[in-house]
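Understanding the architecture of this molecule
Residue-level listing of the chains:
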Amino acid sequence: MGTPDFAVSSLERLIAEGHEVVGVFTQPDKPKGRKHVLTAPPVKECALLHGIPVYQPESLKNGEAMPILEELQPDLIVVAAYGMLLKGDVLHFPKYGCINVHASLLPKYRGAAPINRCILEGETETGVTTMQMDEGLDTGDILLSETLSIGENETAGELFDRLAVLGGTVLQKTLVALEAGTLTATPQDDALSTYAGLLSKEDSPVDWNRPARKVHDHIRGLSPWPSATAERDGKGLKLHASRLAPELSDADTGCSVPGQLYATKDSLYVRCGDGAYVELPEVQPVGSKKMAAGAYLLGHPIREGDTLS
């Protein structure tokens, strides 16, 4: 049971290791893009490529899933970023229950957006945890976990790709231990839990009054979606990446207020609330394509006193 690219790595690993995948549950096809073209989830595309039956119930709350599971008779259900809550009838149906592949070091960052939230919070490491699912939100007993360091300038999208691969690896190690009878479950410490709620475009605007480190984490934590945003002269900009610029000071730039812009030929910098600077290596004017800072500056030169809001 899974939906986005993150879950594809786990499905592909199950197939590659010779496990018999008797069926795939994924969310219904959804319209995408400006033309609202009905698009299949990545997990569905992967399953069909391998000739695996696909099921797309609108909900798991109405009993629609149970007749399918009774027909398939799975020994185990693997769940990875499915996007639907599993209830007791589904959770307890397979002989070995349901194992979830979660992109955080539980109990930290339970919820739907753990990859983004760990970057937004300035974490320097994260990982993947497999857990034995219960009816809570990512509250089940921990089975295995592996840690991954987060790069200084790594975006959520880049981290997503690495965690997806790690997810397949941790899942396979979990199943090897399950088959060998050596798998042990450790209850989570709820006192250490944090919640990683869904993101929205309301999270996008950058507050330049914050310290540069917080601004940097905000920009990369929202990349590629919903994207950090700012305004210059009333026109919107999407910000997809950033870097800290510790070598700059107000004496170098002539800036004095948060959000004020400074530029060299190919680089664009913004002063933050603590007097430190972030560099914006690329920007995307609303309605245009993403472009390198140098290309943006050719058409949008910085004037004295220009600021982002």
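Going by the structure above, here's the rest.
These remarks concern the structure in this document. (Residues numbered from 1 in each chain as written. Predicted model: local features only at pLDDT ≥ 70, side-chain atom pairs only at ≥ 80, totals over all residues. Heavy atoms only, no water.)

Core analysis: the biggest nonpolar cluster contains 32 residues, and Phe 6, Leu 11, Val 101, Leu 159 and Leu 163 have the highest contact counts within it. Of all the elements, helix α6 (residues 156-180) adds the most residues to this core, at 8 residues. Discounting residues that sit within four places of it in the chain, Leu 159 has contacts with Ile 115, Cys 118, Ile 119, Thr 126, Leu 148, Ile 150 and Glu 154. (Core = buried A, V, L, I, M, F, W, Y, C linked by side-chain atoms within 4.5 Å. Buried < 20%, exposed > 50% of the residue type's maximum accessible area, 1.4 Å probe, protein only. Helix = DSSP H or I, 4+ residues; strand = E, 2+ residues; numbered from the N terminus. Contact = heavy atoms within 4.5 Å.)

For the coordinates displayed, the defined rule picks out 14 salt bridges. Salt-bridge contacts for Arg 110 lead to Asp 190; the nearest nitrogen and oxygen are separated by 2.8 Å. Of the two residues, Arg 110 sits in the loop between β6 (98-102) and α5 (114-120) while Asp 190 sits in the loop between α6 and α7 (212-221), which places them 80 residues apart along the sequence. As a salt-bridge pair, Asp 250 and Arg 271 come within 2.9 Å of each other at their nearest N and O atoms. Separated by 21 residues along the polypeptide, Asp 250 in helix α8 (residues 250-253) and Arg 271 in strand β13 (residues 268-271) bring together distant segments of the chain. (Salt bridge = Lys/Arg side-chain N within 4 Å of Asp/Glu carboxyl O.)

Applying the stated criterion across every chain, the model contains 0 disulfides. Cys 46 carries a free sulfur, and the closest cysteine sulfur to it, the one in Cys 98, is 20 Å from it. Given a relative accessible area of 1%, Cys 98 falls into the buried group. (Disulfide = S-S within 2.5 Å.)

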